Amino acid sequence: MIADGVRAIWCREFERDDIGPDDDFFALGGQSLIMTKIQGAYIEELGAEVPMDQMFLNPTIASISAYIESSR
């Protein structure tokens, strides 16, 4: 499931394990360096290229997972 992979990436990059599907990237303290690392992990681990604008438009695990699934 895509959401599980996205959550694993976020938990690793934010160095926490309590991130839920509706937690907001920016409210968690997300910034450009973390976003770039996450974007690279999406490519490497999920085989999904996610444009930067979509990462801003879909700032939760649930919304970015839905985007990735719909773009396949």
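This is a predicted model, so every value here is computed, not measured. (Residues numbered from 1 in each chain as written. Predicted model: local features only at pLDDT ≥ 70, side-chain atom pairs only at ≥ 80, totals over all residues. Heavy atoms only, no water.)

Colleague: Tell me about the nonpolar core, residues and numbers included.
Modeller: Counting 21 residues, the largest nonpolar core has Val-6, Trp-10, Phe-14, Ile-38, Tyr-42 and Ile-68 as its most contacted members. Broken down by secondary-structure element, the contributors of at least two residues to this core are α1 (2-14), α2 (32-46) and α4 (61-70). With sequence-adjacent residues up to four places away left out, Tyr-42 is seen in contact with Val-6, Ile-9, Trp-10, Gly-47, Ala-48, Val-50, Met-55 and Ile-64. (Core = buried A, V, L, I, M, F, W, Y, C linked by side-chain atoms within 4.5 Å. Buried < 20%, exposed > 50% of the residue type's maximum accessible area, 1.4 Å probe, protein only. Helix = DSSP H or I, 4+ residues; strand = E, 2+ residues; numbered from the N terminus. Contact = heavy atoms within 4.5 Å.)

Colleague: Can you explain α2? Please cite residues and give values.
Modeller: In this model, α2 (15 residues) spans 20 Å end to end at C-alpha, consistent with the 21 Å of a helix rising 1.5 Å per residue. Among the residues of α2, Ile-34, Met-35, Ile-38, Gln-39, Ala-41, Tyr-42 and Leu-46 are the ones counted as buried. Around the axis of α2, the buried residues are gathered within 165 degrees of arc, so they sit on the same side. Of the residues in α2, the exposed ones pointing more than 90 degrees away from the buried face are Ser-32, Leu-33 and Glu-44. Those residues of α2 that are buried are in contact with α1, α3 (52-57) and α4. Backbone nitrogen of Leu-33 and a side-chain oxygen of the N-cap are separated by 2.7 Å at the start of α2; the cap is Gln-31. Residue Gly-47 follows α2 closely and has a positive phi angle near 65 degrees. (Expected span 1.5 Å × (residues − 1). Arc of directions from axis to C-beta. Polar contact = N/O pair within 3.5 Å; in protein donor to acceptor, adjacent residues only side chain to side chain.)

Colleague: I'd like a description of the UniProt feature "domain: Carrier" (unreviewed entry) in the chain, backed by residues and values.
Modeller: Taken from the UniProt record, the annotation "domain: Carrier" (unreviewed entry) applies to residues 1-72. Taken end to end, residues 1-72 is 61% helix and 0% strand, and its first and last C-alpha atoms sit 13 Å apart. (UniProt positions renumbered as here; feature names shortened; annotations may be inferred.)

Colleague: Could you give an account of the pattern of salt bridges, with specific residues and numbers?
Modeller: A complete count under the given rule lists 3 salt bridges for this structure. Where Glu-45 meets Arg-12, a salt bridge forms, and the shortest distance between an N and an O atom there is 2.7 Å. Of this pair, Glu-45 sits in helix α2 while Arg-12 sits in helix α1, placing them 33 residues apart in sequence. With relative accessibility at 44%, the residue Glu-45 sits in the partly exposed group. In the salt-bridge network here, residues are joined through shared partners; they are Arg-12, Glu-13 and Glu-45. (Salt bridge = Lys/Arg side-chain N within 4 Å of Asp/Glu carboxyl O.)

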